[in-house]
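# Residue-level structural notes
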Amino acid sequence: MRVAIIGAGVIGLSTALCIHEQYHSLVPSLEMEVYADRYTPHTTSDGAAGLWQPYLSDHGNLQETLWNKETFDYLLGHLGSPAAKEMGLFLISGYNLFTQPVPDPSWKNIVLGFRNLTPKELELFPGYSYGWFNTALMLECRSYLPWLTNRLMQRGVKFFHKKVESFQEVSGDGMDVVINCTGVRAGELQPDPELQPGRGQVIKVLAPWVKHFIITHDIESGIYNSPYIIPGSEFTVLGGIYQHGNWNEENSAQDHKTIWENCCRLLPALQKAKIVQEWSGLRPARPWVRLERETVRHEHFQAEVIHNYGHGGFGITIHWGCAMAAARLFGSILQEKKLASPPQPRL
Amino acid sequence: MAAPKVAVVGAGVIGLSTALCIAETCPSCSVMVLSDQFSPNTTSDVAAGMLIPHTYPGTPIHVQKQWFKETFTYLFAISNSAEASEAGIHLVSGWQVFKNTPKEELPFWSDVVLGFRPMSKAELQKFPQHRFGQAFTTLKCDCPPYLLWLEKRLKATGVQMYTRKVADLWELHSKYNIVVNCAGIGAHQLVGDEKLFPIRGQVLKVHAPWVKNFIRDGEGLTYIYPGIHRVTLGGTREKESWSLSPDPGATKGIFDRCCSLEPSLRGAQDIKVKVGLRPSRQCVRLQREVLSQGGVKLPVVHNYGHGAGGFSVHRGTAKEAARLVGECIAALQGSSSRAKL
């Protein structure tokens with residue numbers, strides 16, 4: 001059984017690992033190949049700070065909330081293991097800030113120690129009158145993606161550096177299942193008007209005295225259009241840009257100014273921080289994640305495709321729950337193929 | 001008295017902060033700091049500088065709380081300013097965990113630190129050997145940065161600093177009107193205080209930048225305090241030990257105890273071992289004294305014996321010491337005007 005995964009960001013690699021872990025012993029003939037035009041450190045995932053935090057509201061999408069929870073619990077379970085450092089996984093506490101009271105988020109009982117901010121804590125953030133404190137997780141992709149890659153290579157998964165132009169390109173070669181983890185450029189394989197880029201820009205600085213994440217929210221501007229500061233293991237990420245429909249991957253001087261001024265206003269000590277890097281990326285935004293099977297037919301060929309894309313700004317947050325859901329879809333494909341296979345010869 | 005000359009002996013966190021308070025409250029004073037050691041070689045440089053008070057059995061709790069509150073408020077303002085990184089002051093959140101539920105579930109300082117509350121069951125799952133815990137956010141003063149920042153502030157107000165070993169306070173009476181004794185553990189020899197004794201502490205300072213939260217075992221012996229560049233792992237408490245040499249057995253013990261609280265520390269790099277002698281006493285000696293020898297009087301203000309809690313109360317005791325210096329000046333002025341009659 002041959003499986004092709006298109007895309008090597010956090011979604012592609014984790015889906016590959018999840019499927020291989022669950023099914024390689026059941027399907028001895030399982031051959032898996034990863035195809036991608038970009039590998040770490042050049043994927044969208046690599047630009048993200050890596051903080052586990054869903055959006056403020058799940059819009060009633062309980063399935064995504066469950067996938068977020070599955071991811072958090074999975075990662076929490078790995079915290080004490082020797083792999084944690086290599087995975088780029090660690091605990092981090094911090095603040096979410098608002099200019100007015102807001103309802104508690106769907107994830108309040110998923111993270112650790114969720115509570116409202118006290119008046120004294122709010123003194124730290126002039127202009128904000130309400131907020132949350134909680135402990136969550138960081139999963140830095142510049143460590144996590146290489147870790148996933150190593151686990152996959154150890155399992156004999158093959159990697160190809162190639163821009164895939166169509167599903168038949170990979171499935172025509174006897175590929176039984178194609179897993180579509182192409183993120184923001186999924187529309188190039190199959191048009192999807194629901195998928196739009198949510199352009200972001202970040203400044204990476206050296207500010208090792210910052211030990212908390214600080215995420216501000218402006219209900220009118222929308223998610224990620226308000227300054228945020230997220231300390232990593234080496235650099236601190238400053239951000240606060242979300243431009244729906246903007247495909248430009250070049251850094252913008254105007255956006256740099258917005259981020260820098262807003263973050264320095266939030267944390268005056270940042271003025272002394274040394275800027276190390278600037279990066280722009282396109283969040284694969286969609287009203288909801290596309291995670292479903294499709295039988296793709298074209299002339300003489302037919303392939304089972306599992307779509308797993310459209311994770312917006314919460315890919316790291318939701319990745320493992322989605323990987324497991326994709327693995328379940330894979331399992332159902334296996335079931336069907338067993339039913340379709342020829343009957344055993346009678347003795 | 002035109003310009004009282006004040007000598008501050010000691011350049012750890014107590015000496016420097018006391019000198020600064022004196023310069024702030026008495027602009028006409030000429031203040032000088034004398035010490036055989038300056039940062040990075042003081043006892044303060046070994047400490048993690050966490051604002052978590054140590055309880056002094058001989059000092060009323062409301063006094064200790066006042067000292068802590070003043071210190072916390074002062075540092076909180078700095079941490080919130082553009083100078084925070086230069087001063088080495090930063091907020092840090094974490095957990096104090098107990099194997100057995102403590103007698104006192106609410107320490108006297110719980111309403112001074114930020115967001116103090118008991119840990120949830122989910123949080124405690126990370127610490128399977130511990131049954132109870134407290135979560136809060138407090139401040140950390142990283143040294144050398146904080147001491148160097150204090151030195152910079154002192155120079156800006158005209159305070160001079162000299163490297164000099166003072167063997168006897170009387171050495172200073174000809175040049176100075178008032179002596180402030182912030183000699184820390186050095187006071188044992190300097191003023192012969194038998195009530196002052198060292199509690200030896202060994203720590204490891206390691207490179208583990210993914211550790212963002214502090215963890216402290218409620219007994220106080222094992223702790224993990226993330227600083228700007230290094231994480232301080234501790235520690236030991238050896239009463240009456242004067243040895244400043246690192247003990248390899250203690251290094252292993254500290255490392256193993258900390259790794260059992262935070263397994264990812266196994267990947268820590270570049271382990272540096274440091275030793276300091278906590279200047280321990282039943283209570284902080286914070287009082288005036290007039291030394292007398294052959295008809296000559298020397299006013300002294302003592303501010304030493306902060307043990308394991310120097311950083312937590314330093315600004316509060318410095319302000320009190322500066323107030324006592326003011327009393328000394330008033331007394332000197334009173335006696336000099338009497339002399340005119």
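Conventions and cut-offs
Residues numbered from 1 in each chain as written. Chains lettered and ligands numbered in written order. Predicted model: local features only at pLDDT ≥ 70, side-chain atom pairs only at ≥ 80, totals over all residues. Heavy atoms only, no water. UniProt positions renumbered as here; feature names shortened; annotations may be inferred. Helix = DSSP H or I, 4+ residues; strand = E, 2+ residues; numbered from the N terminus. Expected span 1.5 Å × (residues − 1). Buried < 20%, exposed > 50% of the residue type's maximum accessible area, 1.4 Å probe, protein only. Polar contact = N/O pair within 3.5 Å; in protein donor to acceptor, adjacent residues only side chain to side chain. Contact = heavy atoms within 4.5 Å. Salt bridge = Lys/Arg side-chain N within 4 Å of Asp/Glu carboxyl O. Pairing = 2+ DSSP bridges. Axes fitted to C-alpha atoms, helices over the stretch in contact; angles between N-to-C directions. Core = buried A, V, L, I, M, F, W, Y, C linked by side-chain atoms within 4.5 Å.

An unreviewed UniProt entry lists chain B under the name D-aspartate oxidase, with Eudyptula minor as the source organism.

As annotated in an unreviewed UniProt entry, chain A carries the name D-amino-acid oxidase and is attributed to Eudyptula minor. We quote the UniProt Cofactor (unreviewed entry) comment for chain A here in full: "FAD". Recorded in UniProt for chain A, the comment headed Sequence similarities (unreviewed entry) runs: "Belongs to the DAMOX/DASOX family."

## With respect to helix 1 (residues 10–23) of chain A
All names here are of chain A. Compared with the 20 Å implied by 1.5 Å per residue over 14 residues, the 20 Å span of helix 1 between its first and last C-alpha is a close match. The buried count for helix 1 comes to twelve of 14 residues, which makes it a mostly enclosed element. Among the residues of helix 1, those classed as buried are Val10, Ile11, Gly12, Leu13, Ser14, Thr15, Ala16, Leu17, Cys18, Ile19, His20 and Tyr23.

## Quick word on the side chain of B:Ser93
Relative to the helices and strands, B:Ser93 is located in strand 3 (residues 89–98). Engagement of the side chain of B:Ser93 in a polar contact is seen with the side chain of A:His212, the distance being 2.5 Å. There is a polar contact of 2.7 Å between the side chain of B:Ser93 and the side chain of B:Thr137.

## Structural notes on the UniProt feature "binding site: D-dopa" (unreviewed entry) in chain A
All names here are of chain A. The UniProt entry lists Gln53 and His217 under the feature "binding site: D-dopa" (unreviewed entry), expressed in the numbering used here. A maximum C-alpha distance of 13.2 Å is found for the annotated residues, which run over 165 residues; spatially they form one tight group. Residues in contact with Gln53, not counting those within four places in the same chain, are Asn96, Trp107, Phe213, Ile215, His217, Tyr224 and Thr317. Within the secondary structure layout, His217 lies in the loop between strand 9 (212–216) and strand 10 (228–231). Aside from chain neighbours lying at most four places away, what touches His217 is Gln53, Leu56, Asn96, Leu97, Phe98, Tyr128 and Ser226. Of the polar contacts made by the side chain of His217, one reaches the side chain of Asn96; its length is 2.8 Å.

## Regarding the pattern of salt bridges
Evaluated as defined, the whole model comprises 38 salt bridges over all chains. For A:Glu336, the salt bridge identified is with A:Arg293, shortest N-O distance 2.7 Å. Within this pair, whereas A:Glu336 is found in helix 9 (residues 315–340), its partner A:Arg293 is found in strand 14 (residues 290–298), the two being separated by 43 residues in sequence. According to the relative accessible area criterion, A:Glu336 is partly exposed, its value standing at 40%. For A:Arg293, a relative accessible area of 26% translates into the label partly exposed. The shortest N-O distance in the salt bridge between B:Asp142 and B:Lys140 comes to 2.9 Å. Residue class for B:Asp142 comes out buried when judged on its relative accessible area of 9%. Through salt bridges with shared partners, one network takes in B:Arg288, B:Glu320, B:Arg323 and B:Glu327.

## Overview of the sheet that holds strand 7 (residues 177–180) of chain A
Residues and elements named next belong to chain A. Pairing is mixed across the open sheet formed by six strands, whose spatial order is 6-2-1-7-15-14. Either end of the sheet is taken by a strand with one partner, and the two such strands are strand 6 (158–161) and strand 14. The sheet shows a mean angle of 20 degrees between the axes of neighbouring strands, direction not considered. Where strand 14 and strand 15 (residues 301–309) come together, nine bridges link them in antiparallel fashion. Across the sheet, the residue bridging to Thr295 is Glu304, located in strand 15. Where helix 1 meets the sheet, its contacts fall on strand 1 (2–6), strand 2 (31–36), strand 6, strand 7 and strand 15, and the angle it forms with strand 2 comes to roughly 180 degrees.

## Some points on the environment of B:Ser17
Residues and elements named next belong to chain B. Within the secondary structure, Ser17 is located in helix 1 (residues 13–25). For the pair Ser17 and Arg153, spaced 136 residues apart in sequence, the C-alpha to C-alpha distance is 9.9 Å. Excluding its chain neighbours within four sequence positions, the residues that come into contact with Ser17 are Leu150, His314 and Ala318.

## Structural notes on the nonpolar core
A:Val3, A:Tyr144, A:Phe330, B:Ile224 and B:Leu233 are the most contacted members of the largest nonpolar core, which has 101 residues in total. Broken down by element, this core gets its largest block of residues, eleven residues, from helix 9 of chain A. In this structure B:Ile224 touches B:Val211, B:Asn213, B:Phe214, B:Ile215, B:Val231, B:Thr232, B:Leu233, B:Cys258, B:Leu261, B:Glu262 and B:Leu265, once residues within four positions along its chain are discounted. Grouped together as the second largest cluster of nonpolar side chains are 97 residues, A:Leu238, B:Ile14, B:Tyr223 and B:Leu324 included.

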